[in-house]
Amino acid sequence: MSALWSVGAGLLLLLLWVRHRGLEAVLVHHRWVFVCLFLLPLSILFDIYYQLRAWAVWRLHSAPRQHAQRVRHIQEQVREWKKEGSKRYMCTGRPGWLTVSLRVGKYKKTHKNIMINLMDVLEVDSERQVVRVEPLVSMGQLTAYLNPMGWTVPVVPELDDLTVGGLIMGTGIESSSHIYGLFQHTCVAYELVLADGSLVRCSPTENSDLFYAVPWSCGTLGFLVAAEIKMIPAKKYVKIHYEPVRGLQKICEKFTEESKKKENSFVEGLMYSLDEAVIMTGVLTDEAEQSKINRIGNYYKPWFFKHVEKYLKADRTGVEYIPSRHYYHRHTRSIFWELQDIIPFGNNPVFRYLFGWMVPPKISLLKLTQGEAIRKLYEQHHVVQDMLVPMKSLEKSIQTFHVDLNVYPIWLCPFILPNNPGMVHPKGNETELYVDIGAYGEPKSKQFEARASMRQMEKFVRSVHGFQMLYADCYMTREEFWDMFDGSLYHKLREQMNCKDAFPEVYDKICKAARH
């Protein structure tokens, strides 16, 4: 009873403090209070629900049977939209706050919402080495499903909640992308419901124009209802080598050198300042030295980026064996390093051991509860951007990031970009090595101003024939946007498939200059 009285007294004091400070002030300046007391428990309940649902679907083997019925329901909704006179654009009915993108799409309120409840793994074809999935299957769900069978997908983007549909319609990358390319390059077929309600399958040999136009189109050519993704054999561990490097030129040279080595299963760099970085290379293996196994995904372990920083501070190299699934989701618990701005003491050993099992809060719940004040604060004083630039422009790009943003750590992830048709391809006629430069956090540059600084960054990226990931805030004009991206195939298909009255153009859907 005394324990209940203590809890009750604590809650009463908390409520009085919130009332004194004001709810908005608490949410802005002490957001960790709300996150720890409410969002972390809610996130656990979300996870339990989806895990139980996935288990039930697997046990009953109901996903393949229900898939056709659910697709027919989507087709019926599209045909009903046509009967109503096609007066509004269509979009998925999934609430904007459920997406991992920090952007909140206001178009959901004015467009015709098509309900798409497709979140299951449909088929694992071991002979073809292909897994067929629905678009709302998450990366955490997919690896948990495949790994026990001895399989994985070649590119497993970092965060558990990223979905297959988002990674295809937007894009996705991983430290294995220097071998396999972006997530879209590991897909062998898509199934879509088009603006006329028809169901179409596309691949490199079947409706190939549509297959190459779908990635980066953000759902403006049709509704994705299934995708086929390559699989590769899974191994138990990733043998990872940490190497601190100092001096910007040496960092770029070392990173480029390692990115060109196909014997490296994984290549990644974390920059902690303009001239300090740790370059990591990894290989898949089934054998491990027991004394060097690091189960970095366990809830009580240090956040990965903090663990890596120890090698820089000690100025020493190191080798570890990380269980494969822990490696694939190594940045999940700290949302890269974003969580340190939300829960400043989150990496403290006491917090990790007592509450680390509840981390991270769902990004979707953070969006849902952020409020207008926090949204504006983040928009003006926070950046979450991934810029994809040719590897030959890496040094110049990092210098530009430093001057315009000055955000650290910076994530470096190499990828091979084939010369396929579509919105994103190299300038020349050959496959080219690119790098994703990820900046997440509060800019320390004194001259930082959100719109002006990001427009300066976008201009630089266009000048080196790079690309901006479309989940982030984009400030380009329409002309600048289509200067960065190749819209020739995209616009041709929108004309051919009568998309112009059915879906907004991708620019109108994602760019700030077009949204109201």
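Residues numbered from 1 in each chain as written. Predicted model: local features only at pLDDT ≥ 70, side-chain atom pairs only at ≥ 80, totals over all residues. Heavy atoms only, no water.

Going by an unreviewed UniProt entry, the chain carries the name Delta(24)-sterol reductase and comes from Struthidea cinerea. If you open the UniProt record of the chain and go to Function (unreviewed entry), you find "Catalyzes the reduction of the delta-24 double bond of sterol intermediates during cholesterol biosynthesis. In addition to its cholesterol-synthesizing activity, can protect cells from oxidative stress by reducing caspase 3 activity during apoptosis induced by oxidative stress. Also protects against amyloid-beta peptide-induced apoptosis." (UniProt positions renumbered as here; feature names shortened; annotations may be inferred.)

A. View of the pairing of strand S16 (residues 432-441). Buried residues dominate S16, accounting for 10 of its 10 residues. The sheet contact formed by strand S14 (residues 383-390) and S16 spans eight bridges and is antiparallel. Bridged to methionine 387 within S16 is isoleucine 437. Inspection of the sheet shows strand S15 (residues 410-417) paired to S16 by eight bridges, in the antiparallel sense. When the sheet's bridge partners are listed, leucine 417 is paired in S16 with glutamate 432. (Buried < 20%, exposed > 50% of the residue type's maximum accessible area, 1.4 Å probe, protein only. Helix = DSSP H or I, 4+ residues; strand = E, 2+ residues; numbered from the N terminus. Pairing = 2+ DSSP bridges.)

B. Representation of helix H10 (residues 304-314). If you check which residues of H10 are buried, you get Phe304, Phe305, His307, Val308, Glu309, Tyr311 and Leu312. Turning to H10, the residues buried within the fold contact strand S10 (237-246), strand S11 (266-273), strand S12 (276-285), strand S13 (318-323) and helix H12 (339-342). Where H10 ends, the next residue or the one after it, aspartate 315, has phi of about 55 degrees, a positive value. (Contact = heavy atoms within 4.5 Å.)

C. Highlighting the packing of aromatic side chains. Summed over all chains, the structure comprises 26 aromatic pairs. A ring pair is formed by tyrosine 242 and tyrosine 311, whose centres lie 4.3 Å apart and whose planes are at 10 degrees; its orientation type is stacked. Here the residue tyrosine 242 occupies a position in strand S10, and tyrosine 311 occupies one in helix H10, the gap between them amounting to 69 residues. The pair formed by tyrosine 242 and tyrosine 311 is uniform in burial state, with each residue classed as buried. (Phe/Tyr/Trp six-rings, centres within 6.5 Å; stacked < 30°, edge-to-face > 60°.)

D. Spatial organisation of the UniProt feature "transmembrane region" (unreviewed entry) in the chain. Following the UniProt record, one finds the feature "transmembrane region" (unreviewed entry) at residues 32-50. Between the end C-alpha atoms of residues 32-50 there is a gap of 25 Å, over a span that is 100% helix and 0% strand.

E. Layout of the pairing of S11. Taken across its eight residues, S11 has eight buried, putting it largely inside the fold. Pairing geometry for S11 and S12, over seven bridges, is antiparallel. If you follow leucine 270 over to S12, its bridge partner there is valine 278. Between S11 and S12, which pair antiparallel in sequence order, lie two residues. As judged from the three bridges shared by S11 and S15, these two strands associate in the antiparallel manner. Residue pairing across strands places methionine 271 opposite isoleucine 410, the latter belonging to S15.

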